[in-house]
Number of protein chains: 2
Amino acid sequence: MATSEPRATGEEQDPNAANLRPPSGTYEYAWMHGCTRKLGMKICGFLQKNNSLEERGRLAGQKNLLSCDNSDRDSRYRRTETDFSNLFARDLLPAKNGEEPTIQFLLEVVEILTNYIKKTFDRSTKVLDFHHPHQLLEGMEGFNLELSDQPESLEQILVDCRDTLKYGIRTGHPRFFNQLSSGLDIIGLAGEWLTSTANTNMFTYEIAPVFVLMEQLTLKKMREMIGWPGGEGDGLFSPGGAISNMYSVMIARYKYFPEVKTKGMSAAPRLVLFTSEHSHYSIKKAGAALGFGSDNVILLSTDERGRVIPADLEAKIIDAKQKGYVPLFVNATAGSTVYGAFDPINEIADICEKYNLWLHVDGAWGGGLLMSRKHRHKLNGVERANSVTWNPHKMMGVPLQCSAILVREKGILAGCNSMCAGYLFQPDKQYDVTYDTGDKAIQCGRHVDIFKFWLMWKAKGTIGFEQHIDKCLDLSQYLYNKIKNREGFQMVFDGVPQHTNVCFWYIPPSLRGMPDSDERREKLHRVAPKIKAMMMESGTTMVGYQPQGNKVNFFRMVVSNPAATQSDIDFLIDEIERMGQDL
Amino acid sequence: MATSEPRATGEEQDPNAANLRPPSGTYEYAWMHGCTRKLGMKICGFLQKNNSLEERGRLAGQKNLLSCDNSDRDSRYRRTETDFSNLFARDLLPAKNGEEPTIQFLLEVVEILTNYIKKTFDRSTKVLDFHHPHQLLEGMEGFNLELSDQPESLEQILVDCRDTLKYGIRTGHPRFFNQLSSGLDIIGLAGEWLTSTANTNMFTYEIAPVFVLMEQLTLKKMREMIGWPGGEGDGLFSPGGAISNMYSVMIARYKYFPEVKTKGMSAAPRLVLFTSEHSHYSIKKAGAALGFGSDNVILLSTDERGRVIPADLEAKIIDAKQKGYVPLFVNATAGSTVYGAFDPINEIADICEKYNLWLHVDGAWGGGLLMSRKHRHKLNGVERANSVTWNPHKMMGVPLQCSAILVREKGILAGCNSMCAGYLFQPDKQYDVTYDTGDKAIQCGRHVDIFKFWLMWKAKGTIGFEQHIDKCLDLSQYLYNKIKNREGFQMVFDGVPQHTNVCFWYIPPSLRGMPDSDERREKLHRVAPKIKAMMMESGTTMVGYQPQGNKVNFFRMVVSNPAATQSDIDFLIDEIERMGQDL
């Protein structure tokens, strides 16, 4: 709560009154360039005069070294000497005379960001500079996380920006392998910068005409990839795969028991959902949240590679029916989180058809393989699904967040979710209001997640995504081939991985001769966490580990970063061996 | 599906091989500036040599005009003449020699964005350049939304960026009043640019150490503002107010009927929720989604100002109990969407205590008023709530998306939502894993929404937010005072608005003498849509309209944009009169 006196500004009558302190630099130079856009190769160094500065007679240095005839072009800004220590947020636009400090501040931020980007791709840079929570909370030199009543200068804000990046993680670093989402796509990044500058909302065509249409066209393209005839169907971008999966359960329930929307779960029999024991936990979370209960999310057994055993599904359906439950929904995972396993969709689809169940394919991680002619067969049968989750922010390298829920039946999303709020969705608008998609969502405001993805697709083409995916899978096979028979490494499952997930134990020399026993298992369980801790302390690379079922902690390597090369894979192996040899 | 041949690259062995076509410009100029960061006022025009360019002997023009001794600083980039028509996404980082085209491309994008920003605050720029969906879908000159197999050049990508902005809506324009979220905060924007460059995920401290701590500290600060002792409690940033409200219902259910998490809604009696007939539709959506059924979301009557009548709540609780339902949850709205009404929280809290119900305050729109000493009394009693939704992306001008769900009881979010996925949340990490907050969420991956808000708070201080809020409320009172007795304007409800919402009809001269009748109502119902259509066609301003209950279409004016001034309010009134006079 604000406890200090508001700053006396004397500006009450003119809320945009100037607070500008003139930039104090005396040297100002021209930022010159050529203009190429739509002008082909016309060489043209164009220097737009900055009127507001010139009026105050503060211009110095070179200007108008070259002239340019395209005076209808946007202004070009010059970088000037600016003292940010005496400037504050209130001096930026919309403040009067705020344009110049605004541009200078943003250019300074961009310089911080471009330097960060450059270093992110430089292997001599650390992946992270690890600090414990208490260290960061106590405050590093010049970096204090606490918020206060009084404003900080823009100079401090710029320092905060640098420090935030300094103490963070470089998820785009070629040696960051910790998550399914990694990499820093430059086109996607530009798309995000533009998206945040446009700062709008997806619920109506009225305030997001271009983005709404981009979403529509891109979803159609994705449905074509899935194989639904003519790309017909429905869909939305949602805030992530867990929410997309939640949508699938909601829609399935609405399809079979539409009265639940108004009457609640008491209007339905006791419903059960089926998903693999290797599937993402969001299916269980959805079951809990939506009122099914997590116990009614029945886990299916898998083979040694983590793929659902279809016969187990059928047995559990029959069992549930015998117990008086009503089977509703089956989730088939296309690319499981840990093993990267693809459930056999066609065999599962046969069972779903036989028992009239909704088939959802969770392709959050594996959906991207649909872009690859070489690998899309792993999702054979996906065209038989009723709904599909597909996260371009994972395997396709799109910046976070970008997840789609795709539905085969048109109109069912709106049927399930619409509440027809009059204040948002007016039927008497002057344009075709079928483009107002907001009422299909469980959200009201919805972030624009489409533009970066659309822009990447434009810039790479379908073949660009295909090359990216094929390359990542090649790299993981390279890793697999290198370690499958290597001393000190043991694969968690046999055979070439289906996705880029390579799961393995590193066995330190001290454990290599030891026969299997509880003691060995306990010791092995502690190896991966120790190596991971060393990696983070040294900051050289990052890879995930976890237990699974009765298997003790093992490394899960994933490749989704286009910056990674074979040398980075080699480096990872060497690091693990170096750090683990004395454990 | 990709149908064309993959581009033959011959790069299979070196996935980062160069594809760089040398920039074709022959004129290159220096981008000069002074360095001020941490160096105080040292004047220092610094030109970093660009090695990769220099190696190729392509450097021309001025360089090293001034020297600079701070060689440990980050590199400074110069803008160069770059022909983007011959460059593609594959030429950018991580491609070999990709650094220079990457920087040049990003600088070009930034130029597009800074020009957009400048024009957004310029009242001579249109708010929008309206086109119907079919027009944009057919393709405007040079702007084609369709995606293809083959990549586009970076020049085309830059054109696409310009055109996306051109055909979009300027939500930061001083005359954009269409939504609760408006304005373009420069600090928030810089925060978003940094967030997307960092491109990480909130689920663990491991990959978002700084952001996780910022979230924790900021949520605590918000809880202090609410008035919970010591700022204790729990919370999360979620993808929007609707999801935050959904959390509140989930947590309430978990608090009273924890077995629903595992057993489903059949483990609970028939539960009912209460919310105002003026409340946001997300409460009903949550009721439908979570298995209560939208019919079991009981709507409360309001007074003429749209505020819940507490006696009606108590009567409906008693009625529900008599019918065998179990009242669970009451939502009090702090700032309703249309009227901007604040429900009387204290009186509602008394009833909730009496009947042992969960009290949620939906302050998505009105929560920001807690930052204002002058206006926070409108939320008196909020400290008695069990949970609060508060969207900084609305009244506080933070870029979309930024919504918080705040909870008084610590640990209940995790209790409600955790599924303890071993692959994400390993208890044997080297740091304090209580900072791994992901399992509290219904999401897995969660976008970083905190940084822009934290940075704005740093830059403005609490008093900066307070000034912003007080100013917006002053402006709406200015509008109210101007039109309350003006000919041709009729207020939808009497009295000074509680929030910035000003609801009014414009009565064209043709209807002014007409007695109330169905015919007049029908005609009046069509006035606002017609004026709105004219506004959009002319692009001069935008304001929302809607019907409410038995009231025909009226304008809902809201002010949350710090760029708006009294002159913009005057302009809006004039535009409505000008456009509506002949209707």
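Residues numbered from 1 in each chain as written. Chains lettered and ligands numbered in written order. Predicted model: local features only at pLDDT ≥ 70, side-chain atom pairs only at ≥ 80, totals over all residues. Heavy atoms only, no water.

### Here's the deal with the sheet that holds strand S2 (residues 234-238) of chain B
Where strands meet in a sheet, backbone hydrogen bonds hold them as pairs that are either parallel or antiparallel.
All names here are of chain B.
And then number 1: Sheet architecture is open: 7 strands sit in the order S2-S8-S7-S6-S5-S3-S4, paired in mixed fashion. Each edge of the open sheet is held by one strand with a lone partner, namely S2 and strand S4 (297-300). Averaged over all adjacent pairs, the angle separating strand axes in this sheet is 20°, with direction ignored.
And then number 2: Pairing of strand S7 (residues 387-390) with strand S8 (residues 403-407) involves 4 bridges; the strand directions are antiparallel. Opposite Thr 389, over in S8, you have Ile 405 as the bridge partner.
And then number 3: Contacting S2, strand S3 (271-276), strand S5 (326-333), strand S6 (358-363), S7 and S8, helix H7 (residues 241-256) runs over the sheet at an angle of about 175° to S6. (Pairing = 2+ DSSP bridges. Helix = DSSP H or I, 4+ residues; strand = E, 2+ residues; numbered from the N terminus. Axes fitted to C-alpha atoms, helices over the stretch in contact; angles between N-to-C directions. Contact = heavy atoms within 4.5 Å.)

### Quick look at the pairing of strand S7 (residues 387-390) of chain A
All names here are of chain A.
And then number 1: Side chains Ser 387 and Thr 389 of S7 all project onto a buried face; the interleaved residues Val 388 and Trp 390 project onto the opposite face, where all are buried too.
And then number 2: As judged from the 4 bridges shared by strand S6 (residues 358-363) and S7, these two strands associate in the parallel manner. The residue of S7 that forms the bridge with Asp 362 is Thr 389. (Buried < 20%, exposed > 50% of the residue type's maximum accessible area, 1.4 Å probe, protein only.)

### Overview of the interface of chain A and chain B
And then number 1: In this assembly, 206 residues from chain A lie in contact with 206 residues from chain B.
And then number 2: When chain A packs against chain B, the two sides together hide about 18,600 Å² of surface, and 63% of this comes from carbon and sulfur.
And then number 3: Seen at the junction of chain A and chain B, the total is 8 salt bridges.
And then number 4: Put simply, chain A and chain B have 66 residue pairs in polar contact (both at pLDDT 80 or more) between them.
And then number 5: Here the side of chain A that touches chain B takes 17 residues from helix H2 (residues 99-120) of chain A, the largest share from any one element. (Buried area = accessible area lost by both parts, 1.4 Å probe. Salt bridge = Lys/Arg side-chain N within 4 Å of Asp/Glu carboxyl O. Polar contact = N/O pair within 3.5 Å; in protein donor to acceptor, adjacent residues only side chain to side chain.)

### A word on the UniProt feature "modified residue: N6-(pyridoxal phosphate)lysine" (unreviewed entry) in chain A
All names here are of chain A.
And then number 1: UniProt records the feature "modified residue: N6-(pyridoxal phosphate)lysine" (unreviewed entry) at Lys 394, using the numbering of this structure.
And then number 2: With respect to the helices and strands, the residue Lys 394 is situated in the loop between S7 and strand S8 (403-407).
And then number 3: Ignoring sequence-local partners within four residues, the contact set of Lys 394 consists of Leu 180, Ser 181, Ala 364, Trp 365 and Ser 560. (UniProt positions renumbered as here; feature names shortened; annotations may be inferred.)

### Comments concerning the relation of the copies chain A and chain B
And then number 1: For these two chains of identical sequence, chain A goes onto chain B by a turn of 180° and a shift of 0.0 Å along the axis, with RMSD 0.0 Å. In symmetry terms, the pair is related by a two-fold rotation axis. Distance from the rotation axis, computed per C-alpha, reaches its smallest value in chain A at A:Leu290: 2.0 Å.
And then number 2: Both copies present the same face, since 99% of the interface residues in chain A are matched by interface residues at the equivalent positions in chain B. (Least-squares fit on C-alpha atoms with pLDDT ≥ 70 in both.)

### Remarks on the packing of H2(A) against helix H2 (residues 99-120) of chain B
And then number 1: At their nearest, the axes of H2(A) and H2(B) sit 11 Å apart, and the two run at 155° to each other. One element, H2(A), and the other, H2(B), form an angle in the roughly antiparallel class. Like other packed secondary-structure pairs, H2(A) and H2(B) cross with a definite hand, here right-handed. Residues A:Glu99, A:Ile103, A:Leu106, A:Leu107, A:Val110, A:Thr114, A:Ile117 and A:Lys118 of H2(A) form the contact with H2(B), whose own contacting residues are B:Glu99, B:Ile103, B:Leu106, B:Leu107, B:Val110, B:Thr114, B:Ile117 and B:Lys118.
And then number 2: Its residues placed into classes, the contact of H2(A) with H2(B) shows 10 nonpolar, 2 polar and 4 charged. (Parallel < 35°, antiparallel > 145°, perpendicular 65-115°, else oblique. Left-handed = near helix turned anticlockwise from the far one by under 90°. Nonpolar A, V, L, I, M, F, W, Y, C, P; charged D, E, K, R; others polar.)

### Comments concerning the pairing of strand S3 (residues 271-276) of chain A
Residue and element names in this part refer to chain A.
And then number 1: With 6 of its 6 residues buried, S3 lies for the most part within the structure.
And then number 2: Every second residue of S3 is oriented toward a common face, with Leu 271, Leu 273 and Thr 275 on one face and Val 272, Phe 274 and Ser 276 on the other, all of them buried.
And then number 3: Here 4 bridges tie S3 to strand S4 (residues 297-300), and the two strands are oriented parallel to one another. Directly across from Ser 276, in S4, lies its bridge partner Leu 300.
And then number 4: In terms of handedness, the path from S3 via helix H9 (residues 282-289) over to S4 forms a crossover that is right-handed. (Right-handed = clockwise from strand over helix to strand, strands pointing away.)

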